Amino acid sequence: MPAALNFEIDISSENQFITDFPNNISLFIKREDQLHPEVSGNKFRKIKYNLQEALRQRKETILTFGGAYSNHITATAAVGKISGIKTIGVIRGEELGEDLPKTLEGNPSLKFAYSCGMQLHFISRQQYREKTTDAFQQKLRDKFGDFYMLPEGGTNELAVKGCKEILGPGDEEFDYICCAVGTGGTISGIIKASGKDQRILGFPALKGDFLSEEIRKYTYKNNWELILNYHFGGYAKVNSELINFINKFKKKYQIPLDPIYTGKLVFGIFDQIKKGEFPAGSKILAIHTGGLQGIAGVSKALSKKNLPLIN
Ligand SMILES: *Cc1c(COP(=O)(O)O)cnc(C)c1O
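Let us look at the structure shown here. Predicted, not measured: the structure shown is a model, and the values here were computed from it. (Residues numbered from 1 in each chain as written. Predicted model: local features only at pLDDT ≥ 70, side-chain atom pairs only at ≥ 80, totals over all residues. Heavy atoms only, no water.)

Moving on, we come to the sheet that holds strand 4 (residues 86–92). Here 4 strands make up an open sheet; going across it, the order is 5-4-3-6 and the pairing parallel. Two strands close off the open sheet at either side, each with one partner strand: strand 5 (119–123) and strand 6 (148–149). For strand 3 (residues 61–66) and strand 4, the ladder comprises 6 bridges, and the chain directions are parallel. Bridging across to strand 4, Leu-63 finds its partner in Ile-88. On the sheet, helix 2 (residues 71–83) packs against strand 3 and strand 4 and is oriented at approximately 165° with respect to strand 3. (Pairing = 2+ DSSP bridges. Helix = DSSP H or I, 4+ residues; strand = E, 2+ residues; numbered from the N terminus. Contact = heavy atoms within 4.5 Å. Axes fitted to C-alpha atoms, helices over the stretch in contact; angles between N-to-C directions.)

Structure, rendered in structure tokens:
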């Protein structure tokens, strides 16, 4: 019988002071990246209650979806290894399945997931778009039997419940709480846990205007806003300005940022401060949602382009 292990305990992460800016503005960062060595940051929060629910329903398998470098895929795989529950990752990109050893060699994220015992199932982009249809879900059940399904990115009600626990006692003192946004699950939990005088700023890591609607599915509160100018061209798109920022930030503060989410977030916060978007005296808390496992994969991709590498 799989055990929930350390997913049962309430854990919290430290707020680390980063720096003061002119106008008495100060920035802190919540080190959710240090929650767990393999299931880092918000993915730990999102999976916690889902794992409990899967065990309660006596499911033996968790099935989920993701792209080839997905933090959610690696986190789910690690949870499978830790708890003993079987995991299946349905991965976008049929071609990746043609030569699995070669794919794993070139992709540290999938290699890690595979080494945790996750069964990888590669599907075409066309099928991937249809992954939530009844017909495709039935196909998956025919192939794999019964499973507990986590959606792509891991966002559902239980994930949002877990993300409420990102904020803890002491965080009331912040005027602004800033976090990266992918599917909107993490920010929804933070909004739900926030005080009415706090403002929550989301920095989407991708283009698209569907995110506000997603967030409104989970919360009716209005003390939040999305800052749309820092996606750097779209999901997993980077430029040398972003990479240079990430490298300088790490050198100066000894805190690694990932290029897909947290790098864009912290770049955006610094830029918004510089542009005078925060009132004098603001106390700002940035959430380090983790994602550091993804750096290796992106670095491999960068080395093929003419971009600086992440140190
Ligand atoms: C997945 C992820 C996010 C986005 O979280 P959502 O709940 O999908 O909005 C942010 N940061 C990191 C590091 C992530 O891995």
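This part takes up the site of the ligand. Lys-43, Lys-46, Thr-183, Thr-186 and Thr-289 are the nearest of the 15 residues found near the ligand. Contact between the ligand and Gly-185: an oxygen atom at 3.3 Å from a main-chain N or O atom of the residue. Take Thr-186: an N or O atom from its side chain is 2.7 Å from an oxygen atom of the ligand. The protein chains hide 98% of the 390 Å² of surface that the ligand would expose on its own. For the shell around the ligand, the secondary-structure elements that each account for two or more residues are helix 1 (42–56) and helix 8 (185–193). Broken down by element, the shell around the ligand gets its largest block of residues, 3 residues, from helix 1. (Near = heavy atom within 4 Å. Polar contact = N/O pair within 3.5 Å; in protein donor to acceptor, adjacent residues only side chain to side chain. Areas by Shrake-Rupley, 256 points an atom, 1.4 Å probe, with all protein chains shown as cover.)

Per the stated rule, a full pass over the model turns up 1 cavity of 30 Å³ or more. Counted as a void, the largest cavity has a volume near 40 Å³. Every residue along the wall of the largest cavity is listed here: Tyr-69, Asn-71, Tyr-235, Asp-258, Pro-259, Ile-260, Tyr-261, Gly-291, Gly-294 and Ile-295. Looking at the lining of the largest cavity residue by residue, the classes come out as 6 nonpolar, 3 polar and 1 charged. (1 Å grid on protein atoms, 1.4 Å probe; cavity = no way out; pocket = protein on both sides within 12 Å on 5 of 7 lines; lining within 4 Å. Points joined across faces, edges and corners; volume = space filled by probe spheres on them. Nonpolar A, V, L, I, M, F, W, Y, C, P; charged D, E, K, R; others polar.)

Right, let's talk about the packing of helix 2 against helix 4 (residues 108–115) for a bit. At a minimum axis distance of 8 Å, the contact between helix 2 and helix 4 shows a crossing angle of 20°. Comparing the axis directions of helix 2 and helix 4 gives the class roughly parallel. Between helix 2 and helix 4 lies a crossing whose hand is left-handed. Residues Ile-73, Thr-74, Ala-77 and Ala-78 of helix 2 form the contact with helix 4, whose own contacting residues are Ser-109, Phe-112 and Ala-113. Among the residues forming the contact of helix 2 with helix 4, the class breakdown is 5 nonpolar, 2 polar and no charged. (Parallel < 35°, antiparallel > 145°, perpendicular 65-115°, else oblique. Left-handed = near helix turned anticlockwise from the far one by under 90°.)

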